[in-house]
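# Close look at the chain arrangement
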Amino acid sequence: MGTRIAGTGIYVPKTVLTNFDLESMVDTSDEWITTRTGIKERRIAKEESVLEMAVEASRNAIEEANISPQDIDAVIVATLTPEKRFPSTGCLLQAELGMDKGFAFDVSAACSGFVYSLDLADSLLKSGKAEMVLIVGVEKLSEIVDWEDRSTCVLFGDGAGAVVVKLSEEDSDLLASSLRSDGSLWDLLYAEKCGYIKMKGRELFKVAVRNMEEVCKEVINRAGVRPEDIDLVIPHQANVRIINSLAERLGIPGERFFINIDRYGNTSAASIPIALHEAIKEGKLKRGDLVLFTAMGGGLTWGAVLMRF
Ligand code: ACO
């Protein structure tokens, strides 16, 4: 039995904030943002709460997986912008979905939250502790962005992506994974309680490329495949230049990297599940393909997961 992604769903907020809009808010330009990051616009949750976005994305994933919420026995929500301090957004989501069994919790691993959660879900499934897991990456980063700080406010966006995973006899599985963290580097990227995102961008850039390269190579080797066998890489969408550097270092052609940062910016834990959903819808990821997920974020945390989709 292997771990299979049975359904995906997303919710992106209605309000679009373009680089041109930002030009009237801070001293920046569309040209600077586009060339330095690859971002053209992002979504801002003006009306939507974290929980509402998580519920919408989850309902879509559950419908696509052709299951009922009652079939789910574990809910994992990856977020650094939870709905409340407590209870977890996972528990609130469980109630909204009308689930009356199982367990729910949040994972705090910043931008690596989805990769951490996917690996955790695989462990729950394979240890027999759950049969069907709902993973949601959801963020409302607009709440913790300092809209007067041009070095960070141009980078982030809001949204949610959800994935249903289950054990299956079909030819799908999580083949290898590597999760890492280094708490000594926490101050490269953080937000105090009730504070704004603080980031040392230039330092983070170098560490991001190096760390993701390391874990990607590790999972590729451990799974006994070659870089050229990877059909699609779905990286965390933090900066298109980070993604291009990673592609070069891994020796995987840039066309095999899924990129949607131009439309959403960095949505932290939501970025990979949103990208995964769009990759499937656009026909870029098909059953049987080898797909590599990798992320790096505050913590510092980083990781990679290789799956047969
Ligand atoms: N518009 C115009 N100029 C700007 C802007 C802006 N929005 N922001 C910064 N600048 C200026 C700076 O003030 C600086 O000016 P100076 O040379 O006069 O001092 C100049 O542009 C260059 O600034 P850098 O910070 O060196 O720019 P860099 O090329 O490094 O790009 C960026 C910055 C985009 C943040 C990049 O460093 C990056 O992407 N870093 C990694 C981010 C990341 O990986 N995050 C991890 C995950 S996020 C998470 O976990 C939530």
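See the structure shown above.
Residues numbered from 1 in each chain as written. Predicted model: local features only at pLDDT ≥ 70, side-chain atom pairs only at ≥ 80, totals over all residues. Heavy atoms only, no water.

Turning to the overall build of the protein chain, a few remarks are in order. Along the protein chain, the regular secondary structure elements total 10 helices and 13 strands. Its C-alpha atoms give the protein chain a radius of gyration of 18 Å, near enough to 19 Å, the size a compact globule of 309 residues would have. For the protein chain, the C-alpha atoms occupy an extent of roughly 55 × 45 × 40 Å along the three principal directions. Per-residue burial for the protein chain yields a buried fraction of 58% across its 309 residues. Restricting the contact set of the protein chain to residue pairs at least 6 apart, pairs at least 24 apart contribute 77%. Summing over all exposed atoms, the protein chain offers an accessible surface of approximately 12800 Å²; the carbon and sulfur share of this is 48%. For the protein chain, the distance from the average position of its 35 positive side-chain charges to the average position of its 47 negative side-chain charges is 3 Å. (Helix = DSSP H or I, 4+ residues; strand = E, 2+ residues; numbered from the N terminus. Rg over C-alpha atoms; globule rule 2.2 N^0.38 Å. Buried < 20%, exposed > 50% of the residue type's maximum accessible area, 1.4 Å probe, protein only. Contact = heavy atoms within 4.5 Å. Areas by Shrake-Rupley, 256 points an atom, 1.4 Å probe, with all protein chains shown as cover. Lys, Arg positive; Asp, Glu negative; His and termini not counted. Charge placed at Lys NZ, Arg CZ, Asp CG, Glu CD.)

In this section: the sheet that holds strand β12 (residues 290-297). With mixed pairing, the 4 strands of this open sheet are ordered in space as β8-β13-β12-β11. Among the strands making up the open sheet, the edge pair consists of β8 (173-181) and β11 (232-235). Direction aside, neighbouring strands of the sheet carry axes that sit 10° apart on average. Note that β8 and strand β13 (residues 301-308) share 8 bridges and pair antiparallel. When the sheet's bridge partners are listed, Asp173 is paired in β13 with Arg308. In the packing of helix α7 (residues 201-222) onto the sheet, the strands contacted are β8, β12 and β13, and the crossing angle to β12 comes to about 145°. (Pairing = 2+ DSSP bridges. Axes fitted to C-alpha atoms, helices over the stretch in contact; angles between N-to-C directions.)

Right, let's talk about the environment of Asp27 for a bit. Within the secondary structure, Asp27 sits in the loop between α1 (19-23) and α2 (30-37). The exposed category is assigned to Asp27, whose relative accessible area is 61%. When the C-alpha atoms of Asp27 and Leu189 are compared, they prove to be 22 Å apart, with 162 residues separating the residues in sequence.

Before going further, it helps to examine the pattern of salt bridges. This model, assessed by the stated rule, comprises 17 salt bridges. The shortest N-O distance in the salt bridge between Arg249 and Glu213 comes to 2.7 Å. Of this pair, Arg249 sits in helix α8 (residues 240-250) while Glu213 sits in helix α7, placing them 36 residues apart in sequence. The exposure class of Glu213 is buried, given its relative accessible area of 14%. The structure contains a network of salt bridges with shared partners spanning Asp122, Lys126 and Asp173. (Salt bridge = Lys/Arg side-chain N within 4 Å of Asp/Glu carboxyl O.)

Everything listed here is a matter of coordinates, which is why it stays silent on function.
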